[in-house]
Amino acid sequence: MFSRYSILACVFLATGSCGKRQVANPPRVPFEAPAYWVWHRSSRLTGKELSELHHAGTKRLCWQAVECGWKDGKWDAVRISKSFPRPEGIAVIPVFRIKPDTAFLENPDAAKALGRLFTLWADGATYQELQIDLDCPVRLLDRYGKFLRELGEHVAPAEISITALASWPQHPDFLKLARSVRSMAPMFYDLYADAPGEVRENRFQPLADKRTRELIEAWSACPVPWQAGLPNFERVTLYDKDGKLAGHLRNWSHDRLFFHESLKASPLGEGVTLYQADRDCRLDGTEIPEGSKVIHRLPDAEVLASLQASAERAGAMGVIYFALPGPGMRAAYSAGHLAGHPAPRLEVCFDKSGAIVLSNRGGSDLPPNATTGGWRLEVKAEGMGKFRSGPPGEFARLTVPGNAPPELASNLVLHFSKLESGGSITSAALLTNGHSLRWSLAGTDMEGTVKPKE
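Participant: Mind laying out the nonpolar core, listing which residues take part and the relevant values?
Facilitator: Residues I132, Y144, F147, W168 and M184 are the most contacted members of the largest nonpolar core, which totals 91 residues. The element that contributes the greatest number of residues to this core is strand β2 (residues 60–71), accounting for seven residues. Among all residues touching F147, those that are not within four sequence positions of it are W75, F104, L105, A110, A111 and L114. Listed in part, the 26 residues of the second largest apolar core include I356, L358, F395 and F416.

Here it is, written out as C-alpha cells:
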C-alpha cells in the first residue's frame, strides 16, 4: 500500500479524451460493516480484538501474507504471516503483495509459480479467496487480467480478488480486467502529491479527500463486487524551508508532537495540522531545523462518512480500511468508531493510592486532538487540600491554573492526546482525598463526578 498519485496522473493524461462509456450497472449487494486490511502483522488476533470486531460487525479481514517480487526469472518471496485458523464469524483473505516491477507479466510460467507459492504458504489450509495487491500500470491492465485468469486456475478452489487503483474505470481494458476476478478493492487515498509551491503556501493534501467522491462514483460501472478502500492511518511528514519533502516520520508519538514546546500548531482543516518549528529541535530522534514544517494528518471523520455514503450510493458492497489497529500498524480509529457506534462515554475514578483514572466506556473513540494541543481534563475541588504534587503518570502533562502548587490549588488539569474506546489513562497519586470532586473535558459538554474505583 504505497503512494499512487503519480500513476493516477498518468491515467488522467492517457484517458482524458476517451469520453464516457455506457455500462450497465451490476446488481446491488447489501452494504457490509467495515472490513480491514491487516498489514505488517504476524501475530494472531487477541480475544479483545476479536470481541471488538464482532461487536463492530466486521466480516472480512484482508491479511498481508507474503511480499514478493520478480527477480532473475523467478519469484523472490518473504513471508509476512503464517497461515492460521479462521476466526469464528470472520473471513480471513490472505494478501500477496507484488512489488511494482511488472516483468513477471512477460513470463508464461509466472502464474503457475505464484500459485505454487500460495499452496506452500497455505500449508494444507483451504481458503476461498486470495487477494493480489499490485499497483499495475494502466498500459498493462490487459496483460494483468490474463495473468490473473491463469493464476485462478492454479489456486482453485480459491478465487482471486485484487486491490485496484481508483482511476482504473476510465481505461478501456477495465471491464475485461474486472471480469478476471471475484472482486476488487480500489484504494481512494494517497492520490495527490504535495507540490513544493503549495507547501510554501501552507496547503497540504488531506488523507481523506472530498475530491475522491467523483472517483468513487465512477466505480458504479464495475461489473463485479467491490469495496471502497479508505484511509485509517495517521501520517507525520517533515518539509524543509523550501517546501521540499524531507520524509515521513516513523517513530513519533502523539504526546511528544502535540505538546512539543518548539512546534506551534495551526489547524488547516480536513484533518491537517501544521506544526512550525520556531527553532532547531528534535522530535522522537528526528532533527527538525528552524523554519521547517511538520504536518500531522488524520482522516477527517466527517469526510470519511461522506466517502462511505458515496460508496454505498455507487453500489459498493462495503468499505475496507487501511488498516486494522494493532501491532505493527498505527491506525487512526478503532473498529467500533468506524462502525458508527455511540459517542465516547468518559468516566473518571480515583483508586486507593490517590491516582486519577480516566476511562472511555463508550463505543467510539475520543480521537487524536492535534488542532487544540490535545485534550484537557480538569478536576475540580470546592477548596484546597485535595491535591498533592506528583508526575502526570500516563497523561502527557499536568498543569495547575495560575501555576500554583497543587497543594494550594482547587483544580488540576491533566493533558492527553486521545483515548480509544475501551481505553484508560492513569495518573500518579495526585489526590489526598478523592471525594466531592468533579471533572470536565474542555471543549465538550462532557462532565461528571469523580468516583471511587470499584
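Participant: Can you break down the pattern of salt bridges residue by residue, with the values?
Facilitator: Enumeration over the complete set of coordinates arrives at 19 salt bridges. The residue D135 makes a salt bridge to R97 at a minimum N-O spacing of 3.8 Å. In this pair, D135 is assigned in the loop between β5 (129–133) and α4 (141–155) and R97 in strand β4 (residues 91–98), connecting sequence segments 38 residues apart. The exposure classification of D135 matches that of R97, with both residues buried. Linked through salt bridges whose partners overlap, the residues forming this network are R60, E129, E159 and R182.

Participant: Can you explain the pairing of strand β11 (residues 263–269)? Please cite residues and give values.
Facilitator: Pairing geometry for β11 and strand β12 (residues 272–277), over six bridges, is antiparallel. Bridged to S266 within β12 is L274. In sequence, β11 turns back onto β12 through a hairpin of two residues, with E270 there showing a positive phi of about 55°.

Participant: Account for helix α2 (residues 47–56), with residues named and values stated.
Facilitator: All of the buried residues along α2 are E49, L53 and A56. For α2, the buried positions fall inside an angular range of 65° around the axis, keeping them on one side. Seen from the buried face of α2, the exposed residues on the opposite side, beyond 90 degrees, are G47, K48 and H55. Elements that come into contact with the buried residues of α2 comprise β1 (35–38), β2 and α10 (335–338). Of the residues one or two after α2, G57 is the one with positive phi, at around 85°.

Participant: Before we move on, can you summarise the packing of helix α3 (residues 110–122) against α4 with the specific residues and values?
Facilitator: Here α3 crosses α4 at 40°, and the two axes come no closer than 8 Å. Between α3 and α4, the interaxial angle falls into the category oblique. The interaxial crossing formed by α3 with α4 has right-handed handedness. Taking contact as the criterion, the partners of A110, A111, K112, L114, G115 and F118 in α3 are, on α4, F147, E150, L151, H154 and V155. The residue makeup of the contact of α3 with α4, split by class, is seven nonpolar, two polar and two charged.

Participant: Got a sec to walk through the sheet that holds strand β20 (residues 397–399)? Specific residues and values, please.
Facilitator: Hydrogen bonding along the main chain pairs the strands of a sheet, whether they run parallel or antiparallel. On the basis of which strands lie adjacent, the open sheet formed by five strands has the order β20-β21-β19-β23-β24 and antiparallel pairing. Each edge of the open sheet carries a strand with a single partner, namely β20 and β24 (447–449). Strand after strand, the sheet turns through a mean of 20° between neighbouring axes, direction not considered. Here three bridges tie strand β23 (residues 438–441) to β24, and the two strands are oriented antiparallel to one another. Bridging from a neighbouring strand, S440 pairs with E447 of β24.

Participant: Explain α3 residue by residue, including any values.
Facilitator: With 13 residues, α3 should reach 18 Å at 1.5 Å per residue; the first-to-last C-alpha distance of 18 Å fits that figure. For α3, the set of buried residues is A110, A111, L114, G115, F118, W121 and A122. Considered in projection along α3, the buried side chains sweep an arc of 135° and stay on one side of the axis. α3 presents K112, R116 and L120 as exposed residues on the side facing more than 90 degrees away from its buried surface. Looking at the buried residues of α3, the elements they touch are β2, β3 (74–79), β4, β5 and α4. One or two positions beyond α3, positive phi appears at D123, with a value near 55°.

Participant: Go over the packing of aromatic side chains with me, naming the residues and quoting the values.
Facilitator: Tallied over the entire structure, the rule returns 20 aromatic pairs. Each ring, one from Y189 and one from F233, has its centre 5.8 Å from the other, and the planes form 75°; the classification is edge-to-face. Remark: F233 occurs in the loop between β8 (227–231) and β9 (235–239) and Y189 occurs in the loop between β7 (183–187) and α6 (196–200); sequence separation between them is 44 residues. Note on accessibility: Y189 and F233 belong to one class, buried. Each residue in the set W37, W39, Y189, F233 and F322 is aromatic and connected to the rest through ring pairs, giving one cluster. Cation over ring: R211 sits above Y192, and NZ or CZ is 4.0 Å from the ring centre. The ring of W252 carries the charged tip of R330 above its face, separated from the ring centre by 3.9 Å.

Analysis parameters
Residues numbered from 1 in each chain as written. Predicted model: local features only at pLDDT ≥ 70, side-chain atom pairs only at ≥ 80, totals over all residues. Heavy atoms only, no water. Core = buried A, V, L, I, M, F, W, Y, C linked by side-chain atoms within 4.5 Å. Buried < 20%, exposed > 50% of the residue type's maximum accessible area, 1.4 Å probe, protein only. Helix = DSSP H or I, 4+ residues; strand = E, 2+ residues; numbered from the N terminus. Contact = heavy atoms within 4.5 Å. Salt bridge = Lys/Arg side-chain N within 4 Å of Asp/Glu carboxyl O. Pairing = 2+ DSSP bridges. Arc of directions from axis to C-beta. Axes fitted to C-alpha atoms, helices over the stretch in contact; angles between N-to-C directions. Parallel < 35°, antiparallel > 145°, perpendicular 65-115°, else oblique. Left-handed = near helix turned anticlockwise from the far one by under 90°. Nonpolar A, V, L, I, M, F, W, Y, C, P; charged D, E, K, R; others polar. Expected span 1.5 Å × (residues − 1). Phe/Tyr/Trp six-rings, centres within 6.5 Å; stacked < 30°, edge-to-face > 60°. Lys NZ or Arg CZ within 6 Å of the ring centre and 35° of its normal.

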